[in-house]
Amino acid sequence: MASSFGAAQVLVASNRGPVSYEVREDGSLHAKRGGGGLVSGLSAIGPDAGALWVCSALSDGDREAVRRGVGEDGVRMLDVPADVHADAYNGIANSVLWFVHHMLYQTPLEPVFDAEFRRQWASYEAYNRAFAEALAEEAAEGAVAIVQDYHLTLVPGMLRELRPDLRIGHFSHTPWAPLDYFRLLPDDIAEQVLRGMLGADRLGFLTRRWADAFTACCDAVVGGLGGTEIGVHGLGADGDFLRKRSHEADVEERMAELREQIGEGRRTIVRVDRTELSKNIVRGLLAYRELLAGRPEWRERVVHVAFAYPSRQDLAVYREYTAEVERVANAVNEEFGTPGWTPVVLNLKDDFARSLAAYRLADVALVNPVRDGMNLVAKEVPVVSDTGCALVLSREAGAYEELGEDAVVVNPYDVVGTADALHAALGLPAGDRAERSKRLAAAGTALPPARWFLEQLEALRG
Ligand code: G6P
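Thresholds, definitions, all that
Residues numbered from 1 in each chain as written. Predicted model: local features only at pLDDT ≥ 70, side-chain atom pairs only at ≥ 80, totals over all residues. pLDDT = per-residue confidence, 0-100. Pairing = 2+ DSSP bridges. Helix = DSSP H or I, 4+ residues; strand = E, 2+ residues; numbered from the N terminus. Axes fitted to C-alpha atoms, helices over the stretch in contact; angles between N-to-C directions. Contact = placed C-beta atoms within 7 Å. Domains from an automatic or database assignment. Nonpolar A, V, L, I, M, F, W, Y, C, P; charged D, E, K, R; others polar. Parallel < 35°, antiparallel > 145°, perpendicular 65-115°, else oblique. Core = buried A, V, L, I, M, F, W, Y, C linked by C-beta atoms within 7 Å. Buried ≥ 20, exposed ≤ 12 C-beta atoms within 10 Å, placed from the backbone. Expected span 1.5 Å × (residues − 1). Arc of directions from axis to C-beta.

Some remarks on the confidence of the model for the protein chain
Move 1: The pLDDT averaged across the protein chain works out to 95; a share of 96% of its residues lies at or above 70.
Move 2: For this predicted complex, the interface confidence comes out at an ipTM of 0.99, alongside a pTM of 0.96.

What follows is the structure, given as structure tokens:
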């Protein structure tokens, strides 16, 4: 039996892997780094000889890479049939589980768990099974496997059956829904999700709040946690990397371009997000509008730099949200703009160097999600900002637990309150702002990605 085991001592499984491929016009494959908090956290594992990262092929380019046998050392990409992946990823993970944990449903009409949902759920099961089987095949005897996020909730239970010798962990990068909201899911599905996760030896969450919500769901739905341990690991920003990267030439170039757009002597309010419903970009723009309407002294003296990078565009609701972000930003510019001043600089094209340039120029960072597992932007901007920035932070972001004391805290639904917070943040005396920013940076880098991962590994190895 032992001879059929693979060689990996440490395995990570996630939907999105560290790289994604694009087929160029000349037929060559071009590798691109993936986005989002999960990839930032896990990239720190590095090419450790005994570690294997199992992820999914997401694009046509990825599938082509699998077919051609192209890949990176230490990464195995699974080529799950495209329609099964679409049902699992778009249908279940991003339209159901993401919506439940971020409480995004418009409940008078949604959700509707119909036959189509059941069909998609079968794909989600097949998709999870493909991961469990790949992990079972690749893991050395007694190895540690850490499964990531809501895409793969069933994997721990499936893997436990295939390989009882493994130490299995699961980490949630999202919030966990409160019991009443979690119970929107059909009872059998709610139970399957929890039992799937409880197949792990240990479950990790970003904050105590999400861990407690999970425990409450288990108590009510499946009668407790069984023998599964719960851990809280608040993923932080990678301070060393950010400080170095943000002083490279391409960032300096983008800073010059941005300075030009902002104009001499103006304050800068910065936000950088995926265009994601939970990030609350539209209310952020409305709050900025309210600031300009209610406190005319800021007109011509401030610019809102908003980078909103398209995300999950296969889903109509995301496409519509992106369009709404653009519509509201344009409306603010039309209402208040003058020949020498564009109040909102909105950019939808993903550019990491330009994001870092905006971080460096930030006087105020606006992070106002309706709900967020952590939010690394809140932790990153204070590290990078040249003069130290004030942070306007939603109390519904996981980062609030660590940064709340030095941030200007908002209820993300309260547009007038958020406008007041922006005003207060813009008006913080320079000394106070710099002190707060220093403390925010220290708290935000307390658990850098590599340590975050090692902590979990050590806890699992016991
Ligand atoms: C969140 C999730 C990650 C996901 C990321 C980007 O951070 O927790 O699992 O990878 O968003 O979303 P995407 O759908 O583009 O992978």
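Next comes the rest of the account.
Considering the sheet that holds strand β10 (residues 267-275)
Move 1: Taken in spatial order, the 6 strands of this open sheet run β12-β11-β10-β13-β14-β15, and their pairing is parallel. The open sheet is flanked by β12 (344-347) and β15 (408-410), the only strands paired with a single partner. Put simply, the sheet's adjacent strands are angled 15° from each other on average, direction ignored.
Move 2: Of the strand pairs in this sheet, strand β14 (residues 390-394) and β15 are connected by 3 bridges, and their pairing is parallel. Note on β15: the bridge partner recorded for Ser394 is Val410.
Move 3: Packed on one face of the sheet, helix α13 (residues 352-361) meets β10 and β11 (302-310) and runs near 145° to β10.
Move 4: Seen against the sheet, helix α14 (residues 377-384) touches β10, β13 (364-367) and β14 and runs at an angle of roughly 175° to β13.

Quick notes on the domain arrangement of the protein chain
Move 1: What the domain assignment lists for the protein chain is domain 1 (8-235 + 451-460) and domain 2 (239-445).
Move 2: Each partner contributes to the interface: domain 1 provides 20 residues, whereas domain 2 provides 14 residues.
Move 3: Among the elements that make up the side of domain 1 that touches domain 2, the one with the highest residue count is helix α3 (residues 82-102) (4 residues).
Move 4: Looking at side-chain class alone, the side of domain 1 that touches domain 2 contains 6 nonpolar, 12 polar and 2 charged residues.

Re the packing of helix α11 (residues 281-294) against helix α12 (residues 316-336)
Move 1: At a minimum axis separation of 9 Å, α11 and α12 run at an interaxial angle of 10°. The angle between the axes of α11 and α12 places the two elements in the roughly parallel class. Taken together, the residues of α12 that come into contact with α11 (itself represented by Ile281, Val282, Leu285, Leu286, Tyr288, Arg289 and Leu292) are Glu324, Val325, Val328, Ala329, Val332 and Phe336.
Move 2: Taken together, the residues of the contact of α11 with α12 sort by class into 11 nonpolar, no polar and 2 charged.

Quick word on the nonpolar core
Move 1: Ranked by internal contacts, the top residues of the largest apolar core, which has 139 residues, are Ala145, Ala365, Leu391 and Val392.
Move 2: Taken domain by domain, this core gets at least three of its residues from each of domain 1 (8-235 + 451-460) and domain 2 (239-445).
Move 3: Apart from the residues lying within four places of it in its own chain, the contact partners of Ala145 are Leu11, Ala13, Leu135, Ala139, Leu159, Leu166 and Ile168.

Some points on helix α17 (residues 430-444)
Move 1: With 15 residues, α17 ought to run about 21 Å at 1.5 Å a step, and its terminal C-alpha atoms sit 20 Å apart, in line with that.
Move 2: Among all positions in α17, only Arg433, Arg436, Ser437, Leu440, Ala441, Ala443 and Gly444 are buried. In a view along the axis of α17, the buried residues occupy a sector of 160°, so they form one face of it.
Move 3: Looking at the buried residues of α17, the elements they touch are α14, β14 and α15 (400-403).

Quick word on the environment of Leu162
Move 1: Among the secondary structure elements, Leu162 is positioned in helix α5 (residues 155-162).
Move 2: C-alpha of Leu162 to C-alpha of Ala358: the two residues are 196 residues apart in sequence and 48 Å apart in space.

Some thoughts on the sheet that holds strand β5 (residues 75-78)
Move 1: One open sheet holds the 7 strands; their spatial order is β5-β4-β1-β6-β7-β8-β9, and the pairing between them is parallel. The open sheet has two edge strands, β5 and β9 (229-232), and neither has a second partner. Within this sheet the neighbouring strands show an average axis-to-axis angle of 20°, counted without direction.
Move 2: Across 3 bridges, strand β7 (residues 167-171) lies against strand β8 (residues 202-205) in parallel orientation. Each residue of the ladder has a partner; that of Phe171, found in β8, is Gly204.
Move 3: Contacts from helix α18 (residues 449-461) reach β1 (8-14), β6 (139-148), β7, β8 and β9 within the one sheet, and its direction differs from that of β7 by about 145°.

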